[in-house]
Amino acid sequence: MPQSLPTEPTHFDAEVDTGLDVETDVSADPRTASATGTEILLELVDDEGATIGTAEKLWAHQQPGRLHRAFSVFLFDRQGRLLLQRRALGKYHSPGVWSNTCCGHPYPDEPPFVAAARRTAEELGVAPALLCEAGTVRYDLPDEASGLIEREWNHLFVGLVTAPVRPNPDEVDDFAFVTAQELRELRAERPFSVWFETVFEAALPGIREIAGRDW
């Protein structure tokens, strides 16, 4: 889609190294596998967000769903534009729809901040230059297209990306940097993930700290 003309940077004076080298091997962590090596485990939580166990990923997303820990990332460039991704067509959940920069689930016992930086590098080939916590949000959102449900305790992160994006085609079909107005236009024209509106609205205070009041 057409990109907006660059504007003056706003709140991007400080940059923080996340410590993640995107050239590092990002193969699956052994904590995600069962004895057969086929299961991916999520961290189940109670109504207060405290860990209570683990569950297989697909099973946790099947009706009626199991409340589990997740994260959502919103990264901006120096012009204050949001990095969106269109999910790969081969994904079992919400394929081919637009969503925020990155979403995912921490490994059991993995800090959400670490998971957010790791997964952003795995999907988009770039580590955040700045990543800040922006609160949490809980939701129960059924996805009519797949029949799955998102019952998540979601940790929100906002930040800055300064390096070129190199998406993994197994994860990301397309990406775009958009202004707030371009986001509104894209949402009117194209399908977005069922969780996007919820996590976007919850992250707005943090987004405005990073990208300015235009958001």
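Residues numbered from 1 in each chain as written. Predicted model: local features only at pLDDT ≥ 70, side-chain atom pairs only at ≥ 80, totals over all residues. Heavy atoms only, no water.

## Describing the packing of aromatic side chains
No. 1: The full count for this structure, using the stated rule, is eight aromatic pairs.
No. 2: Ring geometry for Phe196 versus Phe200: centroids 5.5 Å apart, planes at 10 degrees, classification stacked. Of the two residues, Phe196 and Phe200 are both situated in helix H4 (residues 196-211); the distance of four residues between them amounts to about one turn of the helix.
No. 3: Residue classification places Phe196 among the buried residues on the basis of a relative accessible area of 0%.
No. 4: Look at Phe200 and you get buried, because its relative accessible area is 7%.
No. 5: Connected via pairs of aromatic rings, a cluster forms that spans Phe74, Phe76, Phe192, Phe196, Phe200 and Trp215.
No. 6: In this structure, Arg118 is placed above the aromatic ring of Tyr107, and the distance from its NZ or CZ to the ring centre is 3.9 Å. (Phe/Tyr/Trp six-rings, centres within 6.5 Å; stacked < 30°, edge-to-face > 60°. Helix = DSSP H or I, 4+ residues; strand = E, 2+ residues; numbered from the N terminus. Buried < 20%, exposed > 50% of the residue type's maximum accessible area, 1.4 Å probe, protein only. Lys NZ or Arg CZ within 6 Å of the ring centre and 35° of its normal.)

## Here we look at the pattern of salt bridges
No. 1: Enumeration over the complete set of coordinates arrives at 14 salt bridges.
No. 2: The salt bridge involving Arg138 is made with Asp47; its shortest N-O contact spans 2.8 Å. A residue pair is termed long-range when its members are at least 10 positions apart, and Arg138 in strand S7 (residues 130-142) and Asp47 in the loop between strand S1 (41-45) and strand S2 (51-56) qualify at 91 residues.
No. 3: Judged by relative accessible area, Arg138 falls into the partly exposed class, the value being 34%.
No. 4: With its nearest N and O atoms 2.7 Å apart, the salt bridge here joins Glu122 to Arg119. Taken together, the residues Glu122 and Arg119, both in helix H2 (residues 112-124) and three residues apart, mark about one turn of the helix.
No. 5: According to the relative accessible area criterion, Glu122 is buried, its value standing at 12%.
No. 6: Relative accessible area serves as the criterion here: at 18%, Arg119 is assigned to the buried category.
No. 7: In the salt-bridge network here, residues are joined through shared partners; they are Lys91, Glu110, Arg118, Arg119, Glu122, Glu123 and Glu171. (Salt bridge = Lys/Arg side-chain N within 4 Å of Asp/Glu carboxyl O.)

Just distances and angles here, no functional claims.
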